[in-house]
Amino acid sequence: MPDTSAAIREETTSADAPLLAIRNLSKHYHTPGGTVHAVEDVSLDIPRGSITGLVGESGSGKTTLGRTLLRLVSPTAGTIRFGGAELTTLSDREMVAMRKRMQIIFQDPVSSLNPRLKVEHIVAEGLRAHAVGNRGERRDRVAALLEEVGLSADQMKRYPHEFSGGQRQRIGIARALALEPEFIVADESVSALDVSIQAQILNLLLDLRDRRNLTMLFIAHDLSVVDYLCDRIAVMYLGRIVETGPARDLARAPAHPYTRALLSAVPQPDPTLARSRDVLEGSIPSPLDPPSGCVFRTRCPRALPACAERFPAPFAIGPGRHAHCINLEVS
Amino acid sequence: MTAAASTSEDPGLWKTLTARPAVLVALVVFGAILAAAILAPWIAPADPARMSVRARLSPPLGDYIFGADAFGRDVLSRLLFAGRVSLSIGLGVAVLSTALGIVIGLAAGFFRRLDAPLSRLIDAMMAFPDILLAIALVAILGGSAANVVLALSIVYTPRIARIVRAATLVIRELPYVEAARALGSSNLSIMVWHVLPNIVSPITVQATFIFAYAMLAEAGLSFLGVGVDPSIPTWGTMVNEGRQYIDQALYLILFPGIAISLAVLSLQLIGDGLRDALDPRLAKDV
């Protein structure tokens, strides 16, 4: 990474009021098979101008958390403060106005674009929904947005199927940027792409963050991607956040056994670096019936009998960094 | 996926449709029937209502190419004018039932609370045989061309509504609809811009079939005497009137019968062709 973005990282991590403050957020789904604990008692701050990575394996609830922050899914309990406004109590009409300020970029570049609409129409949808400008003005905006994400303005007359996966993802990004949001949730936005294309999209997101001072929640299951892009990382397991902190600290010295296991699954380019390998056994338990106490204890190499009693409180490890693990409290 | 989508659109719908000989023939036949009906006032050899005692039941290929009926009216002229009414009723039913079906189907598919009552209503209506329901409705509404259109539209609305509901349930959950919500689009604009454009194909196909069914049903109602006012010629009323003279003048029911058959058959073939041409999986092989 060039030095400039490192400087921005320092600056933004020390920024005072977070853009998003999530407290005790839960989302439960009632199904015939029981209650699914998709998101359980999550608290998280997302600093203004930062990119926060949300990692976890599939079924960890990271996508649901992202959707809940945008109120595409209503939370069961908890609060979300977004730049001074409480999102969970907004009426539907107030929420529509709020949508200008927060957007989402999807995982699948195919199903996230309506195949029957031209690119111009797709990118201008938000402008139309909020009655921004007249037709001609909207067209100019779309042209500028397409240029900004690395496409050309004359491509607005085409249909999505005429584009490659990476280009479609750029269209999705242009659509999200149209209303000039402050906050963007990128939900696995590069995992459906080739590795070379992934890098281009990641660099585009970094550029846009710098240029527009965006705040982002980047949801991913690939730690190497998150490591490259993010200022902060939150690790999620079975609906709970188990560890959060600045990206470099967390990657260098993971505190939670689950984070350690996730990191040891990342291929290491330097073979001289000796590292303990924690390989997890089994798969993630069902969110229909999560384990009592610490949700990770059934797969944890360091589990103690006391782990079954309660989910550990956040344990501060450093500035802006904490983990939920009984071993930290004991030692 | 991308390849399939582009092959279905690149050769053009018209080319794919006319690539099949049966569909091409059907298009020509239906086009001819339509043109004849539209041009009836100019091409009809006689006034369809003018009676002539001398011409009573005169056979075809005489003074009158298709013969004359029991009142001495020119069968060919009546056939042409009746086509206007029959085709209009078919088209009217296709348009009205499609419009009603889209509204009901979208409402049922989009709003969970409306789904159960609307779906049960659709099921209940589909439980009746079409023609019985149509007769009952015409009996309630009274027999005029407008009421026949209304009654038949009600009968065929569930067919469209079911297709629209099923498609809406699928499309509602797609990421591009979620994107539209995230952008702040209203339910109405999601229905108009995201759901409708994606169900145009199955609706078009079904509307073509309904056009055919409605013409057939109108003929059936008119034949049974519960259709439009008997003084207005339709192909169905012509068959009904000719029925009494079947032993002396078979041609009285033969010509309108052929007209109904050709119109319905060609519409069905066009519907089949449309269905195949609009389905990207099948279009690839054409």
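Keep in mind it's a predicted model, so treat the numbers as computed, not measured.

Asks: Even after reading the chapter, I still don't get the UniProt feature "domain: ABC transmembrane type-1" (unreviewed entry) in chain B, so can you show me in this structure?
Replies: Using the residue numbers shown here, the UniProt feature "domain: ABC transmembrane type-1" (unreviewed entry) corresponds to residues 87–271 of chain B. Between the end C-alpha atoms of residues 87–271 of chain B there is a gap of 16 Å, over a span that is 84% helix and 0% strand.

Asks: What is the right way to read the packing of aromatic side chains from this model?
Replies: For any two aromatic rings, the description comes down to two numbers: the centre-to-centre distance and the angle of the planes. Residue and element names in this part refer to chain A. For the structure shown, the criterion picks out 8 aromatic pairs over all chains. Ring plane angle 80° and centroid distance 4.9 Å describe the contact between Tyr237 and Phe296, whose orientation is recorded as edge-to-face. Pair noted here: Tyr237 is in strand 9 (residues 232–237) and Phe296 is in the loop between helix 11 (257–264) and strand 11 (315–318), with a separation of 59 residues, a long-range link. Taking relative accessible area as the criterion, Tyr237 reaches 0% and is therefore assigned buried. These aromatic residues form a ring-pair network of at least three members: Tyr237, Tyr258 and Phe296. In this structure, Lys27 packs its charged tip against the face of Tyr29, placed 4.9 Å from the ring centre. Taking NZ or CZ as reference, Arg240 lies 4.1 Å from the ring centre of Phe311, over its face.

Asks: Help me out: how do you make sense of the UniProt feature "domain: ABC transporter" (unreviewed entry) in chain A in this one?
Replies: What UniProt calls "domain: ABC transporter" (unreviewed entry) maps, in this numbering, to residues 20–263 of chain A. What you have in residues 20–263 of chain A is 37% helix and 27% strand, and the ends, taken at the C-alpha atoms, are 27 Å apart.

Asks: Please explain the interface of chain B and chain A as it appears in this structure.
Replies: One widely used convention gives an interface's size as the accessible area the parts lose upon coming together. With 20 residues of chain B at the interface, the matching set in chain A holds 25 residues. Summing both sides of the interface, chain B and chain A together bury roughly 2,000 Å²; the carbon and sulfur share of this comes to 59%. On the surface where chain B and chain A come into contact, there are 1 salt bridge. Residue Arg67(A) is joined to Glu178(B) by a salt bridge in which the shortest nitrogen-to-oxygen separation is 2.5 Å. At the level of secondary structure, the elements contributing two or more residues to the side of chain B that touches chain A comprise helix 1 (2–9), helix 9 (175–182) and helix 10 (187–224) of chain B. Its residues assigned to classes, the side of chain B that touches chain A comprises 10 nonpolar, 7 polar and 3 charged.

Asks: It is not clear to me how helix 6 (residues 135–148) of chain A should be interpreted in this structure. Could you clarify?
Replies: Since there are 3.6 residues in each turn of an α-helix, residues three or four apart along the chain are aligned in direction. Residues and elements named next belong to chain A. Counted at 1.5 Å a residue, the expected span for helix 6 with its 14 residues is 20 Å, and the 20 Å between its end C-alpha atoms agrees. Within helix 6, the full set of buried residues consists of Arg138, Val142, Ala143, Leu145 and Leu146. Along the long axis of helix 6, the arc covered by the buried residues comes to 165°, so they all point the same way. On its buried side, helix 6 packs onto helix 4 (119–123), helix 5 (125–129), helix 7 (165–177) and helix 8 (195–212). Residue Asn134 occupies the N-cap position of helix 6, its side-chain oxygen lying 3.1 Å from the main-chain nitrogen of Gly136. Backbone geometry just downstream of helix 6 places Gly150 in the positive-phi region, at approximately 90°.

Rules behind the numbers
Residue indices follow the written sequence of each chain, beginning from 1 at its first position. Each chain gets a letter, beginning with A, and each ligand a number, beginning with 1, in the order they are written. In keeping with the predicted nature of the model, local features appear solely for residues at pLDDT of at least 70, side-chain atom pairs appear and are counted solely at 80 or more, and the whole-chain, interface and lining totals rest on all residues. Side-chain calculation: all heavy atoms of the structure are included, whereas hydrogens and water are not. UniProt positions are given in the numbering used here, feature names are shortened, and annotations may be inferred rather than shown by experiment. Labels follow the DSSP assignment, with helices taken as runs of H or I lasting at least four residues and strands as runs of E lasting at least two, numbered in each case from the N terminus. For Phe, Tyr and Trp, rings pair up if their centres lie within 6.5 Å, where Trp contributes its six-membered ring, and each pair is then called stacked (planes under 30 degrees apart), edge-to-face (over 60) or tilted (otherwise). Relative accessibility decides the category of a residue: with a 1.4 Å probe and only protein chains considered, values under 20% of the type maximum give buried, values over 50% give exposed, and everything between is partly exposed. The rule is short: NZ of Lys or CZ of Arg within 6 Å of the ring centre and within 35 degrees of the ring normal puts a charge over the ring. What makes two residues a contact is simply this: any of their non-hydrogen atoms within 4.5 Å. The term buried area denotes the loss of accessible surface (1.4 Å probe radius) that occurs when two parts are joined, taken as the sum for both partners. The salt bridge definition used is simple: a Lys or Arg side-chain nitrogen within 4 Å of an Asp or Glu carboxyl oxygen. All amino acids are sorted into three groups, where Ala, Val, Leu, Ile, Met, Phe, Trp, Tyr, Cys and Pro are nonpolar, Asp, Glu, Lys and Arg are charged, and the leftover types, Gly among them, are polar. A helix's residues, less one, multiplied by 1.5 Å, set its expected span. Think of it as the arc spanned by the lines of direction from the helix axis to the C-beta atoms. Here a polar contact means two N or O atoms within 3.5 Å. Within protein one must be a hydrogen donor candidate and the other an acceptor candidate, and residues neighboring in sequence count only if both atoms are side-chain atoms.

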